[in-house]
Amino acid sequence: MDMTEFITPMVGNIMQSRGNAAALAHQLSAYFDENSLQKAKENLEELKSRMSCYQCAILEVETKFKVLNERFSLNHERNPIEAIKTRVKSPESIYEKLNRKNLPFTLESLDQMHDIAGIRVICSFVDDIYMLADCLLKQDDIRLVEKKDYIANPKENGYRSLHLIVEVPIFLENEKRWMKVEVQLRTIAMEFWANLEHKLRYKKNLSEDLSTLTASELSECAEMSAQLDLKMQNIRNIIYGNS
């Protein structure tokens, strides 16, 4: 196998000039032998397979929530779920997180990450969050790995959400594999606050004084959102209690 032919396309993605890519690939080929190249290709295929498994795991959990939403609407004439969002972390995000933890970019390191596959369930009311979480965890093919209740115990910045790390089986061509999925359940108000907080503060080089000021303001907004959730839930209870 021509090492240069294999490396050139990869290098070309990060080079502006085709000529430069070819020249660099030629230099890199001198540092690789046939065995190391074959090993790299095998690792790449395994990584692609693993990422596909995470996507399959998301589909399994997403379907469970859609079924719960459908059945609840049939029995109670309303839907507890407003929206479902899913994502699989990109290889770049995975690499950055592993790098922060001083872990190598290996398949073994991926097993130590719990949030590669993620699903966010946006609910109408706070009690819908706990109801859906209980229904999910009662299913016999769901294993609870970790639970963090940031609604009962908000983060210092005001962040609220219920986080679950679960394992779910996926059935492949010739095996069953258990995969971890991070599930976040939050209300519309919690989602609104979290999205705007992220846009306002993520990777912003704020001065210490400005950072303290904005943190205080955002925490106050989070509390207002929490109060709004309670008020809306009370109104719903009044309506359905009198219907």
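The structure under discussion appears in the preceding block.
Draft legend 1. Molecular detail of the overall build of the chain. Looking only at helices and strands, one finds eight helices and five strands in the chain. Considering the chain as a whole, with its 243 residues, one finds that 35% of them fall into the buried category. Intrachain contacts of the chain at a sequence separation of at least 6 include 64% that bridge at least 24 residues. As presented, the chain carries roughly 15300 Å² of accessible surface, and 52% of it is formed by carbon and sulfur atoms.

Draft legend 2. Inspection of the sheet that holds strand β1 (residues 81-88) at higher detail. Spatial ordering of the open sheet is given by β1-β2-β5-β4-β3, a layout of five strands whose pairing is mixed. Edge positions in the open sheet fall to β1 and β3 (143-149), since each of these has one partner strand only. The average angle at which neighbouring strand axes cross in this sheet is 25°, direction not considered. Examined bridge by bridge, β1 and strand β2 (residues 117-123) share seven bridges and lie antiparallel to one another. Across the sheet, threonine 86 pairs through a bridge with isoleucine 119, a residue of β2. Those strands touched by helix α6 (residues 126-137) are β1, β2, β3, β4 (162-171) and β5 (176-187), and its axis lies near 30° from that of β4.

Draft legend 3. Representation of the pattern of salt bridges within the structure. Enumeration over the complete set of coordinates arrives at 16 salt bridges. One connected set of salt bridges, linked through shared partners, spans Lys85, Arg120, Arg186 and Glu191.

Draft legend 4. Layout of unusual backbone geometry. Positive phi, normally seen in glycine, also occurs at asparagine 102, with a value near 60°. If you trace the backbone, asparagine 102 turns up in the loop between α4 (91-100) and α5 (107-110). Asparagine 102 sits in the exposed class, given a relative accessible area of 69%.

Draft legend 5. Spatial organisation of the side chain of histidine 163. Among the secondary structure elements, histidine 163 is positioned in strand β4. At a separation of 2.7 Å, a polar atom in the side chain of histidine 163 contacts the side chain of tyrosine 159. Leaving out residues up to four positions away in the same chain, histidine 163 has contacts with Glu146, Lys147, Lys148, Tyr150, Glu182, Val183 and Gln184.

Draft legend 6. Structural detail: the pairing of β4. Counting buried positions over the 10 residues of β4 gives nine, a clear majority of the element. Summarising the sheet, β3 and β4 pair through six bridges and their orientation is antiparallel. Paired with lysine 147 across the strands is leucine 164, a residue of β4. When β4 meets β5, the two strands line up antiparallel, connected through 10 bridges.

Draft legend 7. Structural detail: a nonpolar patch on the surface. Together, Leu228, Met232, Ile235, Ile239 and Tyr240 make up a nonpolar patch on the protein surface, roughly 490 Å² of accessible area in all. Locating isoleucine 235 in the fold gives a position in helix α8 (residues 208-241). Residue isoleucine 235 is classed as partly exposed on the basis of its relative accessible area, which comes to 44%.

Draft legend 8. Structural view of helix α7 (residues 188-201). Over its 14 residues, α7 extends 20 Å from the first C-alpha to the last, a length consistent with the 20 Å expected when each residue adds 1.5 Å. Along α7, the residues that are buried comprise Ala189, Met190, Glu191, Trp193, Ala194 and Glu197. Against the buried residues of α7 lie β1, β2, α6, β5 and α8.

Draft legend 9. Layout of the environment of glutamate 82. Summarising the element assignment, glutamate 82 is placed in strand β1. The class of glutamate 82 is partly exposed, set by a relative accessible area of 46%. C-alpha separation for the pair glutamate 82 and phenylalanine 125, spaced 43 residues apart in sequence, amounts to 9.8 Å. Those residues in contact with glutamate 82 that sit more than four places away from it in its chain are Ile122, Cys123, Ser124 and Ile188. Only 2.7 Å separates the side chain of glutamate 82 from the side chain of serine 124, close enough to count as a polar contact.

Analysis parameters
- Residues numbered from 1 in each chain as written.
- Predicted model: local features only at pLDDT ≥ 70, side-chain atom pairs only at ≥ 80, totals over all residues.
- Heavy atoms only, no water.
- Helix = DSSP H or I, 4+ residues; strand = E, 2+ residues; numbered from the N terminus.
- Buried < 20%, exposed > 50% of the residue type's maximum accessible area, 1.4 Å probe, protein only.
- Contact = heavy atoms within 4.5 Å.
- Areas by Shrake-Rupley, 256 points an atom, 1.4 Å probe, with all protein chains shown as cover.
- Pairing = 2+ DSSP bridges.
- Axes fitted to C-alpha atoms, helices over the stretch in contact; angles between N-to-C directions.
- Salt bridge = Lys/Arg side-chain N within 4 Å of Asp/Glu carboxyl O.
- Polar contact = N/O pair within 3.5 Å; in protein donor to acceptor, adjacent residues only side chain to side chain.
- Patch = residues over 30% accessible without salt bridge, like charges linked within 9 Å, V, L, I, M, F, W, Y side chains within 5 Å.
- Expected span 1.5 Å × (residues − 1).

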